[in-house]
Amino acid sequence: VLVEEKETRAWDLFDESAVEKEHLADERPAFNKTVKLLKLIVYLSTFGIVLLCAIVSKGTLLFMTSVIEKDRKFKPCNISRMDRDETYFVQLSEEERHSWIWCLLFVFFVPEILSAFRGARLCIFKRYETPKCTSFAMVFFMESLHATGLFIIVFIVFPQMDVMVALSLTNAVCLVPSFLNAFCSWNSQNDYRSWLNNILCLSVIVGQLSTFMWLVNYVSLNIPMYSLAVVSVICISCGWWENFVNDNSPRCLKILKEDIGESKNFIYLFISLWKIILIFTLVVIYMFANGDMETFLRHFPTSFDRHNLTATWPYTNERDGIPSTLKPPNRVTMVFERTEPFFPNNSRNSRAGFVPVLFLR
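Note that the structure is a prediction, hence the values are computed from the model and not measured.

Structurally, Cys-238 is set in the loop between helix 9 (223-237) and helix 10 (251-262). C-alpha of Cys-238 to C-alpha of Leu-175: the two residues are 63 residues apart in sequence and 8.3 Å apart in space. Not counting the four nearest positions on each side in its chain, Cys-238 is found in contact with Met-142, Leu-145 and Val-176.

Bringing the environment of Ser-135 into the picture now. Looking at the element boundaries, Ser-135 is found in helix 5 (residues 133-157). Here the alpha-carbon distance between Ser-135 and Ser-263, two residues 128 residues apart in the chain, equals 9.3 Å. Leaving out residues up to four positions away in the same chain, Ser-135 has contacts with Leu-256, Asp-259 and Ile-260.

In this section: the nonpolar core. Judged by nonpolar contacts, the single largest core of 38 residues is most densely connected at Leu-105, Ile-153, Phe-155, Val-157, Leu-169 and Val-283. If you list the elements that add at least two residues to this core, you get helix 3 (29-65), helix 4 (94-125), helix 5, helix 6 (163-169), helix 8 (192-218), helix 9 and helix 11 (264-289). Beyond its immediate stretch of four places on either side in the chain, Val-157 contacts Ile-152, Leu-169, Met-225, Leu-228, Ala-229 and Ser-232. Core analysis: the next-biggest nonpolar cluster, separate from the first, contains 12 residues, Val-245, Leu-253, Tyr-268 and Ile-271 among them.

The subject of this paragraph is the UniProt feature "transmembrane region" (unreviewed entry) in the protein chain. In the numbering used here, UniProt assigns the feature "transmembrane region" (unreviewed entry) to residues 37-57, 99-117, 138-158, 164-183, 195-217, 223-245 and 266-289. Between the end C-alpha atoms of residues 195-217 there is a gap of 31 Å, over a span that is 100% helix and 0% strand. Counting secondary structure, residues 266-289 comes out at 100% helix and 0% strand; the distance between its end C-alpha atoms is 36 Å.

Next up on the list: helix 3. For the α-helix, the turn length of 3.6 residues means that residues three or four positions removed from each other point alike. Look at helix 3: 54 Å from first C-alpha to last across 37 residues, which is about the 54 Å you get at 1.5 Å a residue. All buried positions along helix 3 are accounted for by Leu-62, Met-64 and Thr-65. On its buried face, helix 3 sits against helix 4, helix 5 and helix 6.

Turning our eyes to something else, we now look at the packing of aromatic side chains. In the structure shown here, the tally under the stated rule is 12 aromatic pairs. When the centroid spacing of 6.3 Å and the interplanar angle of 35° are considered together, the rings of Trp-102 and Phe-280 count as tilted. Taken as a pair, Trp-102 in helix 4 and Phe-280 in helix 11 lie far apart in primary sequence, 178 residues in all. Residue classification places Phe-280 among the partly exposed positions, given a relative accessible area of 30%. Ring geometry for Phe-266 versus Phe-270: centroids 5.3 Å apart, planes at 65°, classification edge-to-face.

Rules behind the numbers
Numbers given for residues are sequential positions, taken from 1 along each chain in its written order. Only residues with pLDDT of at least 70 get local features here, since the model is predicted, and only at 80 or more are side-chain atom pairs given and counted; chain-wide, interface and lining totals rely on the full set of residues. Only hydrogens and water are removed before side-chain values are computed, so all heavy atoms of the structure are retained for them. The helix count covers DSSP runs of H or I at least four residues long, the strand count covers runs of E at least two residues long, and both are numbered beginning at the N terminus. Contact criterion: two residues are considered in contact whenever any of their non-hydrogen atoms come within 4.5 Å of each other. What we call a nonpolar core is a set of buried Ala, Val, Leu, Ile, Met, Phe, Trp, Tyr and Cys residues that are connected through their side-chain atoms within 4.5 Å. Only protein chains enter the accessibility calculation, which uses a 1.4 Å probe; a residue whose area is less than 20% of its type maximum is buried, one above 50% is exposed, and one in between is partly exposed. UniProt positions are given in the numbering used here, feature names are shortened, and annotations may be inferred rather than shown by experiment. A helix is expected to span 1.5 Å multiplied by its residue count minus one. Aromatic pairing here means that ring centres of Phe, Tyr or Trp (its six-membered ring) are within 6.5 Å. Orientation follows from the plane angle: under 30 degrees is stacked, over 60 is edge-to-face, and everything else is tilted.

So this is what it looks like as structure tokens:
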């Protein structure tokens, strides 16, 4: 009876299907090579897509920040049929400037809205943990610094910088995590791996600080603007402190990270909304300081309509010794069919040396 019972226990037998599959895969080397090749193609494609999206997003951000400075002048494009001369320049209207500021606000708001929506969905349909007061306060403080740094660098620092200088400054937004990583990963043992780890940690810190050294020596920035750039970068880098806390970190940081990880959905449900309120409040204060707050808020519905452009050139007068090549063009080709040139009467102003202006409607 015992023998028959052992023979009928088919469910308790060893499953040899996994071994058979391994033998089957070994018998098809072409299939294995094809799978590896496909994995390599997927890895490279994903890397290329992420890199391309990062370049496009960073370029778009720098483009938007370069047009929000008040009273900034730009060289005209070739499509206007003007000479590529520094004597001609184009100035955006206040409405156009406000529309780009709203676009930057939307760039900030959309990720935070999605984060708040995700946190609300997970908290409603799944079980969540409530954080400790210290954990919530830590996240609140760091994320507030992160949002404040983003506001300073996007709305104050970048508009007054050259685009290439601003692009180089974006490489130094990991300053605080680099010091935290060196502090947590430093190894005092006298072996090859420890020395290599310490050298890499120090090289990361030097790489972050080299950007500021380059700004001091080769870029002409006034002291207040340089100070704002440093403060904004430090504040931005505070947002990624959690990623560099490991097993070698102090016990208090590890406890904070564990508690935040268990209750992250609940925390960021409120932190995301707070960051939206904070950034919008800072932008309103910034516009109030520039005297544009009322226009900025009241004309929001019309901010994305067609706006005027102002093309300006020096007045030409042979008696003043100005060459005739600087005369305004007789004909200007507009970008849009609805655009019309308007030449104001500058006969009085021209005698006094004022600058003629062409309004592009």
